[in-house]
Amino acid sequence: MKVLITGATGLVGSTLVEKALSLGHEIHFLTTQKSKLAEKQKMKGFYWNPSTNELDEACFEGVDAIVHLAGASISQRWTKKNKESISSSRINGTRLLVDSIRRCNGKHQIKQVVAASAIGIYPSSFEMIYTEDYLPKRSSFLEEVVMDWEQEEDGFSAVGLQLTKLRIGLVLTKRGGVLGPMKIPTWFGLGAAFGSGNQMQSWIHVDDLVGMILTAIDQNWEGVFNAVSPNPVSQKVFTKTLAKAMERIYFLPPIPKLFIRLAVGEMSTLVFNSQNVSAEKAQKEGFVFIHPELLPAIKSLL
Ligand SMILES: NC(=O)c1ccc[n+]([C@@H]2O[C@H](COP(=O)([O-])OP(=O)(O)OC[C@H]3O[C@@H](n4cnc5c(N)ncnc54)[C@H](OP(=O)(O)O)[C@@H]3O)[C@@H](O)[C@H]2O)c1
């Protein structure tokens with residue numbers, strides 16, 4: 001199978017590329033960085049730029065499925081300019097892909113699209129357990145961005161493709177991601193929860209996320225699926241578990257909300273939001289998690 005990946009150079013995309021190549025798939029990828037266009041065995045890069053509406057349509061040649069992951073990082077200070085880039089990179093990138101497929105006038109063999117979304121579509125709540133049928137509202141910046149992003153992704157269905165939208169939780173990887181910045185203080189015994197520490201964190205091991213993406217393609221999943229492990233934990237448990245996995249002491253009280261808000265501004269909602277998200281729909285579809293529990297999941301990445 002030949003898969004076209006956007007965001008292939010990112011945290012999730014690079015693990016997906018490794019796995020897909022190891023399974024014998026061929027990869028086309030779209031990148032905004034001309035320096036990363038190098039061609040390797042079974043892998044070819046193509047240039048696109050959603051902000052200038054450029055896309056090399058040769059990227060679609062022989063492609064059976066698309067995995068659409070691209071978008072500017074949300075882990076940057078939420079200034080007006082960065083917020084605009086977080087939103088427009090997702091809206092314009094998705095629109096450019098859909099419009100380019102439409103311009104092929106059916107002269108392609110793409111059947112399935114797996115598109116990234118995020119659990120940020122669910123408002124913070126200490127009571128709710130979120131399933132995919134929750135009707136989102138537009139009560140925060142993140143909710144708005146993800147709703148607009150998903151709405152734009154519906155364009156893939158409109159051009160006749162089978163669409164899976166994955167609402168991704170906090171991705172645990174070896175490099176970067178949520179674990180990256182937490183590992184250093186934890187190593188020095190300075191790990192601490194944020195705010196009350198009772199906010200729920202719905203996480204997923206990158207290998208399970210990649211497995212879910214490939215399963216969605218193989219089994220033609222249609223619709224929205226939460227991409228989270230079946231065992232979300234509170235932030236307090238998360239930081240304690242990380243310290244345990246690293247065999248470090250954990251004794252500090254939680255860091256007050258105000259400190260973090262002063263340090264990183266509105267983006268602090270990323271660590272204070274509580275989202276208890278259900279993995280049941282993917283499990284009912286037959287997906288089996290390799291890393292359903294947090295402690296072994298973290299240990300596998302250290
Ligand atoms: N990691 C998480 O915890 C998490 C959680 C929920 C949802 N997600 C979503 O899952 C997707 C993949 O996540 P990730 O962690 O792998 O992201 P990432 O490491 O930030 O990589 C995203 C990729 O998007 C491309 N990109 C960056 N800015 C862009 C722009 N302005 N226009 C077009 N493309 C741009 C880059 O590829 P090039 O430089 O090659 O163009 C980059 O490699 C993202 O859409 C993210 O929002 C991730």
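Residues numbered from 1 in each chain as written. Predicted model: local features only at pLDDT ≥ 70, side-chain atom pairs only at ≥ 80, totals over all residues. Heavy atoms only, no water.

S.K.: Got a sec to walk through the overall build of the protein chain? Specific residues and values, please.
M.R.: Summing up its helical and strand segments, the protein chain has ten helices and twelve strands in all. Over its C-alpha trace the protein chain gives a radius of gyration of 19 Å, about what one expects of a compact globule, namely 19 Å for 302 residues. Within the protein chain, the proportion of its 302 residues that are buried is 52%. By sequence separation, contacts in the protein chain at least 24 residues apart represent 77% of the contacts at least 6 residues apart. By element, 54% of the accessible surface of the protein chain is carried by carbon and sulfur atoms, the whole surface being about 14100 Å². Charged side chains of the protein chain number 33 positive and 29 negative; the gap between the two group centres comes to 7 Å. (Helix = DSSP H or I, 4+ residues; strand = E, 2+ residues; numbered from the N terminus. Rg over C-alpha atoms; globule rule 2.2 N^0.38 Å. Buried < 20%, exposed > 50% of the residue type's maximum accessible area, 1.4 Å probe, protein only. Contact = heavy atoms within 4.5 Å. Areas by Shrake-Rupley, 256 points an atom, 1.4 Å probe, with all protein chains shown as cover. Lys, Arg positive; Asp, Glu negative; His and termini not counted. Charge placed at Lys NZ, Arg CZ, Asp CG, Glu CD.)

S.K.: Give me the lowdown on the environment of Asn-198, citing residues and values where you can.
M.R.: Relative to the helices and strands, Asn-198 is located in the loop between helix H4 (179–187) and strand S9 (200–201). Look at Asn-198 and you get partly exposed, because its relative accessible area is 41%. Counting along the chain gives 76 residues from Asn-198 to Ser-274, while the straight-line C-alpha distance between them is 7.9 Å. The residues contacting Asn-198, other than those within four sequence positions of it, are Phe-126, Ser-234 and Lys-236. A polar contact is formed between the side chain of Asn-198 and the side chain of Lys-236, at a distance of 3.2 Å. (Polar contact = N/O pair within 3.5 Å; in protein donor to acceptor, adjacent residues only side chain to side chain.)

S.K.: Just give me the short version of the pairing of strand S7 (residues 162–168), but keep the residues and values in it.
M.R.: In terms of burial, S7 is a largely internal element, six of the seven residues being buried. Note that strand S6 (residues 112–118) and S7 share seven bridges and pair parallel. In the strand pairing of S7, Val-114 is matched with Thr-164. Regarding topology, helix H3 (residues 141–158) serves as the crossover connection from S6 to the parallel S7, and that connection is right-handed. With five bridges connecting them, S7 and strand S11 (residues 223–227) associate as parallel partners. What sits directly across from Thr-164, in S11, is Gly-223. (Pairing = 2+ DSSP bridges. Right-handed = clockwise from strand over helix to strand, strands pointing away.)

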